[in-house]
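Examination of the molecular architecture
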Amino acid sequence: SSYSPAVEPYDATVRKGTDPKGRRSFTKGGLLTGLTRKAVRAIRRSLEDGPESDATTNTARLNLYWQGGKMLDRARDAVAFVHRTYPWNAVWLASYVPDAMTDEYARWITITNNRRMAPFMSGETYNNYPDLAMADWRWAYYAENYPRLRVIKAAYDPHQLFKGPQTIEPAI
């Protein structure tokens with residue numbers, strides 16, 4: 001299969017009604033240590049190996065965000081967002097209407113993120129893309145800021161009114 005970029009903006013598909021409310025998504029991501037030629041080749045290979053579907057509402061893609069400028073000038077512990085060392089945030093995303101390909105999308109993203117891209121990843125992940133299968137999410141999301149964030153959580157939310165599967169636990 002060969003990769004070809006979308007020729008229509010996402011908001012146009014929504015306006016035309018081709019994005020049904022029944023869509024689901026699956027993501028995994030992390031921060032790239034750099035965008036070397038080897039990393040670009042691995043990204044391209046991964047996109048070319050992505051699942052193909054007859055459903056026009058299904059997509060399997062990479063969202064690559066550059067995080068640069070002044071953000072990289074601040075210390076990692078300056079604010080809660082620790083990911084100031086790595087300028088590229090790579091998010092593998094599948095959006096799809098659940099069907100027989102659901103497992104194929106999840107398998108493609110997992111293999112791509114956890115194996116093929118692993119040599120180029122920092123081990124840290126932006127927590128807006130939660131990964132419930134991640135063993136060490138505390139480090140991946142917050143790194144060295146986690147102990148300090150636990151103290152803040154204890155001060156402002158000691159009874160954990162704001163709680164989810166991977167939320168910061170208050171310090172005791």
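The preceding data block contains the structure.
Now for a quick tour of the structure.

Definitions and limits used
Residues numbered from 1 in each chain as written. Predicted model: local features only at pLDDT ≥ 70, side-chain atom pairs only at ≥ 80, totals over all residues. Heavy atoms only, no water. Buried < 20%, exposed > 50% of the residue type's maximum accessible area, 1.4 Å probe, protein only. Helix = DSSP H or I, 4+ residues; strand = E, 2+ residues; numbered from the N terminus. Arc of directions from axis to C-beta. Contact = heavy atoms within 4.5 Å. Pairing = 2+ DSSP bridges. Axes fitted to C-alpha atoms, helices over the stretch in contact; angles between N-to-C directions. Phe/Tyr/Trp six-rings, centres within 6.5 Å; stacked < 30°, edge-to-face > 60°. Salt bridge = Lys/Arg side-chain N within 4 Å of Asp/Glu carboxyl O.

This next bit is on helix H5 (residues 146–156). Tyr 146, Leu 149 and Lys 153 are the residues of H5 that are buried. Down the axis of H5, the sector holding all buried residues measures 55 degrees, keeping them to one side. The exposed set on the far side of H5, more than 90 degrees from its buried face, consists of Pro 147, Val 151 and Ala 155. Residues of H5 that are buried make contact with helix H4 (137–142).

A separate point is the sheet that holds strand S3 (residues 88–96). Judged by pairing direction, the sheet is antiparallel, and its 3 strands sit side by side in the order S1-S3-S2 without closing on themselves. Taken across any chain shown, the strands that pair with only one partner, and hence form the sheet edges, are strand S1 (24–32) and strand S2 (59–66). Recorded for the sheet is a direction-independent mean angle of 15 degrees between the axes of neighbouring strands.

Further remarks concern the packing of aromatic side chains. Per the stated rule, a full pass over the model turns up 7 aromatic pairs. Note on Tyr 126 and Tyr 129: the rings are 6.1 Å apart at their centroids and 65 degrees apart in plane angle, and the pair reads as edge-to-face. Measuring from ring centre to ring centre gives 6.0 Å for Trp 137 and Tyr 141, while their planes differ by 45 degrees; the resulting arrangement is tilted. Note that Trp 137 and Tyr 141 are positioned in helix H4 at a spacing of 4 residues, about one turn of the helix.

Once that is clear, we can look at the pattern of salt bridges. Evaluated as defined, the whole model comprises 7 salt bridges. Between Lys 28 and Asp 131 there is a salt bridge, with its nearest N and O atoms 2.7 Å apart. With Lys 28 in strand S1 and Asp 131 in the loop between helix H3 (102–116) and H4, this residue pair connects regions lying 103 residues apart in the sequence. Across the pair Lys 153 and Asp 157 runs a salt bridge, and its minimum N-O distance is 2.9 Å. Asp 157 shares its class with Lys 153; the two are buried. Where salt bridges share partners, they join Arg 76, Glu 124 and Glu 144 into one cluster.

By themselves, these observations are geometric and do not establish any function.
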